[in-house]
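Working through the structure, step by step
The lines below spell out each chain.
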Amino acid sequence: MSKKLLTEHFGVQGIDQLPVYKQHGGYSALEKAFKKTPDEIVQEVIASGLRGRGGAGFPTGKKWSFIDKKSGKPRYLVCNADESEPGTFKDRYLMEVNPHLLIEGMIISSFALGANLSFIYIRGELLYVYHILEKAIAEAYEAGYLGKNILGTGYDLELYCHTGGGAYICGEETALIESLEGKRGNPRIKPPFPAISGLYNNPTVVNNVESIATVVPIINMGGEEYAKIGIGNSKGTKLISACGHIKKPGIYEIELGLPVEEFIYSDSYCGGIRGGRKLKAVVAGGSSVPILPAELILKTEKGEPRLMSYESLAEGGFASGTMLGSGGFIVMDETTSIVKNLFNFTRFYHHESCGQCSPCREGTAWMEKILHRILHGHGTLKDVDLLWTLQKNIDGKTICPLGDAAAWPVASAIRHFRAEFEDFVEHPEKYQDVKHYFNQIEDKQLA
Amino acid sequence: MEDNKNIEFSADALALAKKLMGRYPEGKHKSAIIPILHLAQAEFGGWLSPKGMDYVATLMNIQPIEVYEVASFYSMFNLQPVGKCVIEVCRTGPCWLMGAEDIVNHIESKLNIKVGETTTDGMFTLKTVECLAACGGAPMMQVGQKYHEDLTFNKVDSILEDYKKNTTEPISHWAKDKIKA
Amino acid sequence: MPKVTIDGKTIEVPQGTTILQAARMIGEEVTPPAMCYYTSLKTSGGYCRTCIVKVSKMSEANPNPIPKPVASCRTNCEEGMEVMNYTSPEIIEARKGVVEFLLANHPLDCPICDQAGECHLQDLSYEHGSDDTRYEFERRKFKKIDLGPFIQLHMTRCILCYRCVKVADQLTDHRVHGVLNRGEVSEISTYITTAIDNDFSGNMIDVCPVGALTDKTFRFKSRVWFTNPVSAHRDCEKCCGKVTLWYKGDDVLRVTARKDKWGEAEEFICNDCRFEKKQTLDWTIEGPAKISRHSVISANHYEKMVEPSLFKLNDIKPFEDQ
């Protein structure tokens, strides 16, 4: 079993309450942090090698170091708790079970950045978690961890929770900022980057929930010590949201570098494929990252075992690799229709496109319509080629990464499963009556 | 167009709205629009009519179009009347792999409505929504702020039965008992 | 003053100049098309993606290329920057893709569109598009809404450039229309039927690159190429009073702002000048408006029409003389 840094106390009864959290070492990292200067904390995080856990994997410490301190404008820290990437549910779990871990991370990170006002932007659908956080924040104010002159240090911080209204795009940091300003969640054109001009045009850092929570163990154990965990440039532990056709869906905290095969088949993790079926494909980092067929997810093209790390999953580029992304690990067994699954993903991106820029607005809708046509038996071989060129015309041409996120699943599905697409359009009748998913519902009812 | 029946916040909602607006820097209270629209939806019976949104505009001292723009962008705001109990079934990726389509079909035939429709007694509205970050409990659905995970047909039946029996007031995402300053 | 090279041509530009502006300074031959950017509207641009270019060298300090195409209208020039526009086959291909997306749901109702002949989408498709369409689905439709007596909205033609929203934000005292809904079904609307009625709202018509917002008072009166543009001015309390009058025979059918060579209004005008002053007597006539030789309006017989000797309106006395 790998180290538990984030989920260590998740089994403890009442860990969502401040006294219990404190009994288990809670807020000790904060006290440690206040003995350091903000810059020293930034250095610790840089030394830890922590990379953003929201999906892009950008080094967190480096992101912090970009924040504009010279202008003298107020600085903000915003926690991105707009978790909406299909396949990802780790942040919800973390906030629901151990809200104080995030709050402690927020206070330390805000102190490091010199922010006196910080927000947790949580997706609106998670209002029940919003109320859990509000309660925990109130406890933290009560205990003097928030507000004026925290623990007598002279440092002031107001921390608020803010709820979204239902839009995947608000997980993109500039769309999140727009939304937090009370506008439509339209991503901004970068540059300027938020570190220079973010919330209310002031310097802002936006970090994922897990990234901020990880700052707590980093301060507790020291950045260098943290960096000893993991492999290569993938340091530390990562929460993986495992779902799909596996025996044990759920959240697993893994040490980066764990072999994918072990993650899928070991009883400590996913426990293998349900019903003894065969693995067909995996989407390893949330719906946006390229889908890989079984042989390429278990082993790289060079025949080396694929590991759960930023580098290993990306090995081979998009030709034969994928991305760790947000850690949303979606497993598909042999009964899955890749074509139908792609339709589902594409419908999602169409539904979530903000509509600002033309390639994404028109392209996502168009791709969905073509897949819909294929699904209903009216597709042609030309449709597969058309999908391929459309994804190419979207990829890299849009304001924000949603366009890429919509294009990559299409590109990878066609790249690795072209024969299935061709078979589908030529013999649609074969696929009409096939149960295209593992019928969990019937199985559960039998059980 | 139909209108919200009562268009005025309760004293509790008003106090909470003011508190929320006070969380943002001077002159930036427009930031609170989404939380306040959640309150409005809870206060106005689960949906937002133009008059309801105009009330929010007045309350926040912003232009009505700014409220319409925001309310129509975010999927949680219902701009048409809904039933007391809005069932939102996740249809995305992992939930779909685990049978979300069957769950939707089951509810449709059980309630005798299609997705997007409301039962004639005004009790249930069925919606499909995109990923709700509960993929480990797929298939799943949300009613108000409550997540119902690991659904089976039997489970859905008893959940619907429960709501049918116990729902008197419209259920909103921002729970009524959480509307306090 | 950074020096930037676009398609092999180098120019020195003031700090803060965008690639698109620099290209316009060099000349048409290197300038990318722009459908949503509008010089006088702050924060415009970046949406349509037609002006994308390849930055093959970021700057002297950082000689790496930018991996993805950038919107030239929203990217500033840096010292030593090298940009490829028409010299990059990749960009030409990508732009073709963007044009295809913009046209995917466009109704192509040009035969009955008042914008035809001065439509930027027509020009864009002609110059940068491909010769066939691959879109085979039913095109989007919207519920019609009425914006009042002056502005006609055809949402199906809209390419969501946001220019009209910025006009309302930046020129009028409060905005009553905006972009509603999201994604593919986003639309310009007032949500509830509200007349857009403001001293400067008519400029939304001038900035609209397509036939989505047209002049209701000009509706179906004439094809633009049968009208005759004349520069004129008047003393106006509200605006500069410098306009183009569009004549058919002796009648002023339409009043617009004057457009520069990039199709942008030189100065915005007020609704009084635009909608209320349609008599020649209201104006001091300056003479035939300059029209680009590429324009449909200068085609065929209209070249002759703008010869001063043949120009009938010369007979009309300027306002001051009467």
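Computed from a predicted model, the values in this text were never measured in an experiment.

**A few points about the overall build of chain B**
Along chain B, the regular secondary structure elements total seven helices and four strands. For 181 residues, the compact-globule formula gives about 16 Å, and the C-alpha radius of gyration of chain B, at 17 Å, lands near that figure. Considered along the principal axes of its C-alpha atoms, chain B spans approximately 50 × 35 × 30 Å. Contacts in chain B between residues far apart in sequence, at least 24 positions, make up 65% of those at least 6 positions apart.

**Observations regarding the confidence of the model for chain A**
Predicted coordinates in areas of low pLDDT are best not read in detail. Summarising the model, chain A shows a mean pLDDT of 94, and 96% of its residues fall at 70 or more. pLDDT under 50 marks residues 434-447 of chain A. Its contacts with residues more than four places away, or in other chains, come to 28 contacts.

**A few points about the packing of helix α16 (residues 358-375) of chain A against helix α2 (residues 89-104) of chain C**
Here α16 of chain A crosses α2 of chain C at 65°, and the two axes come no closer than 9 Å. Between α16 of chain A and α2 of chain C, the interaxial angle falls into the category roughly perpendicular. Seen from above, α16 of chain A lies across α2 of chain C with left-handed handedness. From α16 of chain A, S358, P359, E362, G363 and W366 of chain A reach across to α2 of chain C, where they touch V98, F101, L102 and A104 of chain C.

**Describing the interface of chain A and chain C**
On the chain C side, the residues contacting the 21 residues of chain A number 25 residues. Every element with two or more residues in the side of chain A that touches chain C is listed here: α15 (338-352), α16 and α17 (381-394) of chain A. It is α16 of chain A that provides the largest number of residues to the side of chain A that touches chain C, a total of eight residues. In terms of residue class, the side of chain A that touches chain C is made up of eight nonpolar, nine polar and four charged.

**Overview of the interface of chain B and chain A**
Counting residues at the interface gives 42 residues for chain B and 52 residues for chain A. For the side of chain B that touches chain A, the secondary structure elements donating two or more residues are α2 (33-43), α4 (64-73), α5 (93-97) and α7 (153-166) of chain B. The element that contributes the greatest number of residues to the side of chain B that touches chain A is α2 of chain B, accounting for five residues. Its residues placed into classes, the side of chain B that touches chain A shows 23 nonpolar, 12 polar and seven charged.

**Things to note about helix α1 (residues 19-26) of chain C**
Three- or four-residue spacings in an α-helix give side chains the same orientation, since the helix completes a turn every 3.6 residues. Residues and elements named next belong to chain C. All buried positions along α1 are accounted for by I19, L20, A22, A23 and R24. Buried positions along α1 lie against β1 (3-6), β2 (9-12), β3 (52-57) and β5 (81-84). Backbone geometry just downstream of α1 places G27 in the positive-phi region, at approximately 145°.

**Topic: the pairing of strand β8 (residues 250-255) of chain A**
Residue and element names in this part refer to chain A. For β8, the buried fraction is high: five of the six residues fall into the buried class. Across six bridges, the pairing between strand β7 (residues 237-244) and β8 is antiparallel. When the bridges of β8 are listed, T237 appears paired with E255. Between the end of β7 and the start of β8, which pair antiparallel, lie five residues.

**Some details on the domain arrangement of chain B**
Domain annotation for chain B reports domain 1 (11-73) and domain 2 (85-166). Between the C-alpha centres of domain 1 of chain B and domain 2 of chain B the distance comes to 28 Å.

**A few points about the environment of I103 of chain A**
Residue and element names in this part refer to chain A. Locating I103 in the fold gives a position in helix α6 (residues 99-113). Its 31 C-beta neighbours within 10 Å are what place I103 among the buried residues. Remark: the alpha-carbon pair of I103 and C79, spanning 24 residues in sequence, is separated by 10.0 Å. Discounting residues that sit within four places of it in the chain, I103 has contacts with A136, I137, A140 and L159.

**Re the sheet that holds strand β3 (residues 158-163) of chain A**
Residue and element names in this part refer to chain A. With parallel pairing, four strands are arranged side by side in an open sheet as β3-β2-β1-β4. Two strands in the sheet have a free side with no partner beyond their single neighbour: β3 and β4 (204-208). Put simply, the sheet's adjacent strands are angled 20° from each other on average, direction ignored. Note: strand β1 (residues 76-81) against β4, five bridges, orientation parallel. Each residue of the ladder has a partner; that of L77, found in β4, is V205. Here helix α7 (residues 127-142) sits on the sheet and contacts β2 (117-122) and β3; the angle it forms with β3, its principal contact strand, is near 170°.

How each quantity is defined
- Residues numbered from 1 in each chain as written.
- Chains lettered and ligands numbered in written order.
- Predicted model: local features only at pLDDT ≥ 70, side-chain atom pairs only at ≥ 80, totals over all residues.
- Helix = DSSP H or I, 4+ residues; strand = E, 2+ residues; numbered from the N terminus.
- Rg over C-alpha atoms; globule rule 2.2 N^0.38 Å.
- Contact = placed C-beta atoms within 7 Å.
- pLDDT = per-residue confidence, 0-100.
- Axes fitted to C-alpha atoms, helices over the stretch in contact; angles between N-to-C directions.
- Parallel < 35°, antiparallel > 145°, perpendicular 65-115°, else oblique.
- Left-handed = near helix turned anticlockwise from the far one by under 90°.
- Nonpolar A, V, L, I, M, F, W, Y, C, P; charged D, E, K, R; others polar.
- Buried ≥ 20, exposed ≤ 12 C-beta atoms within 10 Å, placed from the backbone.
- Pairing = 2+ DSSP bridges.
- Domains from an automatic or database assignment.

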